[in-house]
Amino acid sequence: MLELKNISLRVEGCREILDDISLTVEDSKFVAITGPNGGGKSTLAKVIAGIQPPDSGTILLDGQDITGMSITERAKLGIGFAFQQPVRFKGITVRDLINLAAGGKLKDPEICAYLRDVGLCAREYINREVNASLSGGEIKRIEIAMVIARKTKLTIFDEPEAGIDLWSFQNLIDVFRKMRDEINGSIVIISHQERILDIADDIIVLSGGKLVAHGQKDDILPELLEGGECNFCLNREGKRV
Ligand SMILES: Nc1ncnc2c1ncn2[C@@H]1O[C@H](COP(=O)(O)OP(=O)(O)OP(=O)(O)O)[C@@H](O)[C@H]1O
C-alpha cells in the first residue's frame, strides 16, 4: 500500500505545485489521476517515483518511510515508472531492454509475448536497436512492455496514451485491463482519456496543486464527463469554480 501524507512542493517564485496532498493507493488497485493541465499530476508521479523530492510530507510504501530514498532504492522496493517522454538507448536492442527489465535472460517466445501484448510484431522488433529510428509510439509501447516484464509492486504511467494512434489505443486499453486482472500489484495512471479512466477502480482529480476529488470511479467519472476536467478548476482562492 502506498500512502502520501501532506506532500507539498513549491518551485522558487511560484505557487505551490503540490499543496498538502494526502492519499492512499491500496494494493491491487488501479488508480487514475486526472485533472486540468498544469494541475500537478506529473510532478506528483515524479515525487512518488523519487525523481523529485517534496519540500514536506511523507511517503510510505507498505508502512516503510521511503521519502528520502533514491529512484534506484524505490525501484528495488518495487516501484516502476513509465515516462511521458521515454528515453532511447543507443546500441541496445529491444531484446536487451526486456531482459534488463525482467532481471534475467528470457527465452524469445517470452519476449515476443510481451511485445505482442503491446501490439508490436515481435519478429520485426526483437532485434531492433532502440535508437532514433523508432517512432514515438513504438518506443512508448516498448517501454510499456518493459514495465509489464518488470512486474513491479506499484507501476506509475504518465499519460501512456500520448503518441499512440487510435487503433493501438484500444490495444493499450486491453493491456491495462490485462495488467489489472493478472498482475498482483497496483497501477497508477495519469491520463485525460475517458476510456482509461473508465477501467480504473478509483479516480483522483488534481487541480491547481490540490487534491480536489478522490473516490470510486462510479462516483467521480459522471461528474467529470458532465462538466469536463474544468468542472474541477480552482479559482485564485483555491475554491472550485
Ligand atoms: N521545475 C519547475 N519550475 C517551474 N514550474 C514548474 C516546474 N515543474 C513544474 N512546474 C509547474 O507546475 C505545474 C504542474 O506541472 P505538472 O507537469 O505536474 O502538471 P500536469 O498536471 O502533469 O499537467 P499536464 O496535464 O499539462 O501534463 C505547472 O504549472 C508547471 O508549469
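Refer to the structure presented above.
None of the values given here were measured: they were computed from a predicted structure.

S.K.: Could you give an account of the sheet that holds strand 4 (residues 56-61), with specific residues and numbers?
M.R.: The sheet built from four strands is open, its strands ordered 2-1-4-5 with antiparallel pairing. Edge positions in the sheet fall to strand 2 (16-25) and strand 5 (64-65), since each has one partner strand and no second. Here strand 4 pairs with strand 5 via two bridges, running antiparallel. Looking at the pairing, Leu-61 lines up with Gln-64 of strand 5. Across the face of the sheet, helix 1 (residues 41-49) comes into contact with strand 1 (2-10), strand 2 and strand 4 while running at roughly 60° to strand 2.

S.K.: Go over helix 3 (residues 94-102), please, and point to the residues and values.
M.R.: Every buried residue of helix 3 is accounted for by Val-94, Arg-95, Ile-98 and Ala-101. For helix 3, the arc enclosing every buried residue in end-on projection is 130°, short of the 170-degree limit, so these residues lie on one face. The elements touched by buried residues of helix 3 are helix 4 (108-117), helix 5 (122-125) and helix 6 (136-150). In the segment just after helix 3, Gly-103 is the residue with positive phi, at about 75°.

S.K.: Outline the packing of helix 3 against helix 6, supporting the account with residue identities and numerical values.
M.R.: If you want to describe how two helices pack, look at the angle between their axes and the distance between the axes. Direction vectors running N to C along helix 3 and helix 6 enclose 30°, while the axes themselves pass 7 Å from each other. As far as their axial angle goes, helix 6 and helix 3 are roughly parallel. When you trace helix 3 past helix 6, the crossing you get is right-handed. From helix 3, Val-94, Leu-97, Ile-98, Ala-101 and Ala-102 reach across to helix 6, where they touch Ile-142, Ala-145, Met-146, Ala-149 and Arg-150.

Cut-off values and rules
- Residues numbered from 1 in each chain as written.
- Predicted model: local features only at pLDDT ≥ 70, side-chain atom pairs only at ≥ 80, totals over all residues.
- Pairing = 2+ DSSP bridges.
- Helix = DSSP H or I, 4+ residues; strand = E, 2+ residues; numbered from the N terminus.
- Contact = placed C-beta atoms within 7 Å.
- Axes fitted to C-alpha atoms, helices over the stretch in contact; angles between N-to-C directions.
- Buried ≥ 20, exposed ≤ 12 C-beta atoms within 10 Å, placed from the backbone.
- Arc of directions from axis to C-beta.
- Parallel < 35°, antiparallel > 145°, perpendicular 65-115°, else oblique.
- Left-handed = near helix turned anticlockwise from the far one by under 90°.

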